[in-house]
Protein chains: 2
Amino acid sequence: MKNTLLTTCLLVLMWACDSVDTANETKNRPSEVPYAIAIHGGAGTILKANMTAEMEAAYTQILDSVLTTGEKMLEADADAVQVVIEVIKIMENSPLFNAGKGAVFNTKGENELDASIMIGETQEAGAIGGVRNIKNPIEGAYAVMTKSEHVLLTGKGAEQFAVEVGVDTIDPSYFYTQRRYESLQRAKAEESGTSMYINPDYKYGTVGCVVLDQSGNLAAGTSTGGMTNKKYNRIGDSPIIGAGTYADNNTVAISCTGHGEYFIRYAVAHDIAARMEYGNASLKEACSDLVNGKLVEKGGSGGLIAVDKDGNIEMPFNTEGMYRASSNGVNRFIGIYGNKDAE
Amino acid sequence: MKNTLLTTCLLVLMWACDSVDTANETKNRPSEVPYAIAIHGGAGTILKANMTAEMEAAYTQILDSVLTTGEKMLEADADAVQVVIEVIKIMENSPLFNAGKGAVFNTKGENELDASIMIGETQEAGAIGGVRNIKNPIEGAYAVMTKSEHVLLTGKGAEQFAVEVGVDTIDPSYFYTQRRYESLQRAKAEESGTSMYINPDYKYGTVGCVVLDQSGNLAAGTSTGGMTNKKYNRIGDSPIIGAGTYADNNTVAISCTGHGEYFIRYAVAHDIAARMEYGNASLKEACSDLVNGKLVEKGGSGGLIAVDKDGNIEMPFNTEGMYRASSNGVNRFIGIYGNKDAE
């Protein structure tokens, strides 16, 4: 009796749920968008009150310019991974972001760069950690993915690999910028007796890009100069697949920015995908529950950008601001501050 | 009408599912076990046909001895994390396993060690990658977790950190063993023209331990010497939280072994936890679907050990064998080969 009742109810429920699913899909899915792209230039204590008009204009202008490059490539049917590389290269070449040219200094006065990339179709991935001579770290990560059997190469070994496979290398002095050097001096002056003190302002800064192309392929990439005054060859989440970067054509492409240790411990990028795949969460729910729920509760500050297989875009953060921009070919958005602050 | 029918059915279904769940729980959950521990010494092409009686006896003996150490500590109410460290230290000190004393050689004839540890209660974690002077890498990982604000330190920086915080360091010549040096010579002789060729036999070898203690706390740890003939400061999954190691008191503690690149790309350790947390999979289902399902399909060979919050133990692998042992204070198991081969 129980079994018959159960079977009948399951059938009714399946019929009912089917209707509900269709309704949700129509509601959640943006009307047929040709593509989707989101970029970030780091999350942190970015307040309008602390920003000059010139700096705000400079950031807005480069976010706009980078987004336009991505949009044009995607309109011309470029592959997601090529768009991720091109967009991140432009941001790495700008001194405004903590990646490539604008990388912060470690405690020895050196610039140590990390980057990673992943494609959603095959879930192939590549990453480099702690390199000092690769002009565009995202190209180093791409070379690891495409020209080695490995995922993560580090330090001198990664530098040697880059030279052998023809990635553009450069003298480390290229990464010197006065602004970042002054940040290091301030960080050293503020350093307390224990060598472990980290001023929250020196934890952040990353660039990233996530893309859904016209063929339905997802890709994600992240690049960073790490923490100002960084010690002990620390590696954050940016070159860690599953923590700072993740892409799976079945679900979503993610690039994170924030206090990397928390993003590693909670496998943040993979966790968004898992909430969607196993928990049937929408992208919005997954992002909200993790970034503004669990991470806030645990003390992990930062944000992420995400594009799912249906072209939905989310750019949640639990810090004061996050340099960010997005477009799906229909709507575009450029933002710096959070809800508490006027855009 | 549809809503009324749906509500009624949902109520019936909840009542039915409740009965089913209870039944499953009774079936799946081991009768009140005081604790649970599993250890591994690496997965790979381990065939009875290739093993001498002496080697088999040596591996069985050390697995038994290590397991006994863990059991005694757990009976005496030791913390999960302390058991993980002690068990892994014994395996690191043995030349039989590819970790610590028995670490394989990289292409330069050096031993580069990786390790990680995570505790389930706070989800704190620590890891070291590519170090050459830390006698017991698992102690280095534990020091990163407990004495720094970081999760992952690498290379010379990690070595410097170890010295500063008093972790036991040693001259790198300590890690020389004739057996592993001969493996390197064979690997070099087999190397093809392209520097990227990797003989499958040289990919494997790791040790790990996962524990549920009497207080209900989970912990996981992993330690390895990496790949024989390894180039470019490659880092595998062992020091990557979410890939090779993961622990969360809400679900499970995991330590992986195998072709590390696949374990990174699929965030294997975190994926087991996510399948349980978001998909309500049992530990057995999660392990089976991932290790013998998805990983086999994608070509990722290896295995893992897992202990969940209820004391269930799984030790799945898709290779010919995996050195492994487990105990829950009631039943104990020691194994080397797979089902195809007689134990």
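Owing to the predicted nature of the structure, the values given are computational and were not obtained by experimental measurement.

**Considering the pairing of strand β6 (residues 218-224) of chain B**
Residues and elements named next belong to chain B.
For step 1, the next point in the chain: Summarising burial for β6: seven of the seven residues are buried, a large majority.
For step 2, the next point in the chain: Of the two faces of β6, the one lined by Leu218, Ala220, Thr222 and Thr224 and the one lined by Ala219, Gly221 and Ser223 are each fully buried.
For step 3, the next point in the chain: Direction of pairing for strand β2 (residues 113-119) relative to β6: antiparallel, over a ladder of six bridges. The partner of Ser116 across the bridge, within β6, is Thr222.
For step 4, the next point in the chain: Taking the residues between adjacent antiparallel strands as the criterion, strand β5 (residues 207-212) and β6 are bridged by five residues, where Gly216 takes a positive phi near 85°.

**A closer look at the packing of aromatic side chains**
For step 1, the next point in the chain: With the rule as written, the count across this model stands at 16 aromatic pairs over all chains.
For step 2, the next point in the chain: With 5.6 Å between their ring centres and 65° between their planes, Tyr59(B) and Phe97(B) make a pair best called edge-to-face. Residue Tyr59(B) is located in helix α2 (residues 53-75), and its partner Phe97(B) is located in the loop between α3 (80-93) and β2; the two are separated by 38 residues in the primary sequence. With respect to burial, Tyr59(B) and Phe97(B) carry one shared label: buried.
For step 3, the next point in the chain: Ring centres of Tyr174(B) and Phe175(B) lie 5.0 Å apart, and the angle between their planes is 75°; this geometry places the pair in the edge-to-face category. In terms of burial, Tyr174(B) and Phe175(B) fall into one category: buried.
For step 4, the next point in the chain: An aromatic cluster of three or more residues is present, and its members are Tyr59(A), Phe97(A) and Tyr323(A).
For step 5, the next point in the chain: Cation over ring: Arg265(A) sits above Tyr262(A), and NZ or CZ is 5.0 Å from the ring centre.

**Things to note about unusual backbone geometry**
For step 1, the next point in the chain: One non-glycine residue, Asp77(B), adopts positive backbone phi at about 70°.
For step 2, the next point in the chain: Its location among the elements puts Asp77(B) in the loop between α2 and α3.

**What to know about helix α4 (residues 137-147) of chain B**
For step 1, the next point in the chain: Listed as buried for α4(B) are Pro137(B), Ile138(B), Gly140(B), Ala141(B), Ala143(B), Val144(B) and Met145(B).
For step 2, the next point in the chain: Buried positions along α4(B) lie against α3, β2, β3 (125-131), β4 (152-154), α5 (155-165) and β6 of chain B.

**A closer look at the pattern of salt bridges**
All names here are of chain A.
For step 1, the next point in the chain: Tallying each qualifying case throughout the model produces 22 salt bridges over all chains.
For step 2, the next point in the chain: A salt bridge links Glu56 to Lys48; its shortest N-O distance comes to 3.3 Å.
For step 3, the next point in the chain: On the basis of relative accessibility, which here comes to 30%, the residue Lys48 falls in the partly exposed class.
For step 4, the next point in the chain: Through salt bridges that share partners, Asp64, Glu71 and Arg332 make up one connected network.

**A closer look at the sheet that holds strand β4 (residues 152-154) of chain A**
For step 1, the next point in the chain: Reading across from one edge, β13(A)-β12(A)-β1(A)-β5(A)-β6(A)-β2(A)-β3(A)-β4(A)-β7(B) is the order of the nine strands in this open sheet, with mixed pairing throughout. Sheet topology places β13 (332-337) of chain A together with β7 (234-235) of chain B at the edges, where each strand pairs with a single neighbour.
For step 2, the next point in the chain: Pairing of strand β1 (residues 36-44) of chain A with strand β12 (residues 321-327) of chain A involves six bridges; the strand directions are antiparallel. Paired with Ile39(A) across the two strands is Ala325(A), which belongs to β12(A).
For step 3, the next point in the chain: Strands in contact with helix α2 (residues 53-75) of chain A are β1, β5 (207-212), β12 and β13 of chain A; relative to β13(A), the strand with the most contacts, it is inclined by about 150°.
For step 4, the next point in the chain: Strand contacts of helix α3 (residues 80-93) of chain A: β1, β2 (113-119), β5 and β6 (218-224) of chain A, with the helix running at about 20° to β6(A), the strand carrying the most contacts.

**Overview of the environment of Ile119(B)**
Residue and element names in this part refer to chain B.
For step 1, the next point in the chain: Relative to the helices and strands, Ile119 resides in strand β2.
For step 2, the next point in the chain: Sequence spacing of Ile119 and Ala253 is 134 residues, and the spatial spacing of their C-alpha atoms is 8.3 Å.
For step 3, the next point in the chain: With sequence-adjacent residues up to four places away left out, Ile119 is seen in contact with Val81, Glu124, Met145, Leu218, Ala219 and Ala247.

**Some details on the sheet that holds strand β8 (residues 245-247) of chain B**
Strands pair in a sheet through their backbones, by hydrogen bonds, and they do so in one of two ways: parallel or antiparallel.
Residues and elements named next belong to chain B.
For step 1, the next point in the chain: The four strands are arranged β8-β9-β10-β11 in an open sheet whose pairing can be described as antiparallel. Two strands lie at the open edges of the sheet, namely β8 and β11 (313-314), each paired on one side alone.
For step 2, the next point in the chain: Each of β9 (252-258), β10 (302-308) and β11 is contacted by helix α9 (residues 283-298), which is oriented at about 165° to β10, the strand it contacts most.

**Some thoughts on the confidence of the model for chain A**
Residues and elements named next belong to chain A.
For step 1, the next point in the chain: Residues with a pLDDT of 70 or more make up 86% of chain A, whose mean pLDDT is 88.
For step 2, the next point in the chain: Low pLDDT (under 50) marks residues 1-29, which in the prediction has 22 contacts with non-local residues, meaning those over four places away or in another chain.
For step 3, the next point in the chain: Across the predicted assembly, pTM comes out at 0.89 and ipTM at 0.88.

**Some points on the packing of α3(B) against α4(B)**
Residue and element names in this part refer to chain B.
For step 1, the next point in the chain: Two elements in contact, α3 and α4, have axes separated by 8 Å at closest approach and are oriented at 150°. Comparing their axes, α4 and α3 come out roughly antiparallel. Packed against α3, whose contacting residues are Val81, Gln82, Ile85, Ile88, Lys89 and Glu92, the element α4 presents Pro137, Ile138, Glu139, Tyr142 and Met145 at the interface.
For step 2, the next point in the chain: Classifying every residue of the contact of α3 with α4 by side-chain character gives seven nonpolar, one polar and three charged.

Parameters and conventions
- Residues numbered from 1 in each chain as written.
- Chains lettered and ligands numbered in written order.
- Predicted model: local features only at pLDDT ≥ 70, side-chain atom pairs only at ≥ 80, totals over all residues.
- Heavy atoms only, no water.
- Buried < 20%, exposed > 50% of the residue type's maximum accessible area, 1.4 Å probe, protein only.
- Helix = DSSP H or I, 4+ residues; strand = E, 2+ residues; numbered from the N terminus.
- Pairing = 2+ DSSP bridges.
- Phe/Tyr/Trp six-rings, centres within 6.5 Å; stacked < 30°, edge-to-face > 60°.
- Lys NZ or Arg CZ within 6 Å of the ring centre and 35° of its normal.
- Contact = heavy atoms within 4.5 Å.
- Salt bridge = Lys/Arg side-chain N within 4 Å of Asp/Glu carboxyl O.
- Axes fitted to C-alpha atoms, helices over the stretch in contact; angles between N-to-C directions.
- pLDDT = per-residue confidence, 0-100.
- Parallel < 35°, antiparallel > 145°, perpendicular 65-115°, else oblique.
- Nonpolar A, V, L, I, M, F, W, Y, C, P; charged D, E, K, R; others polar.

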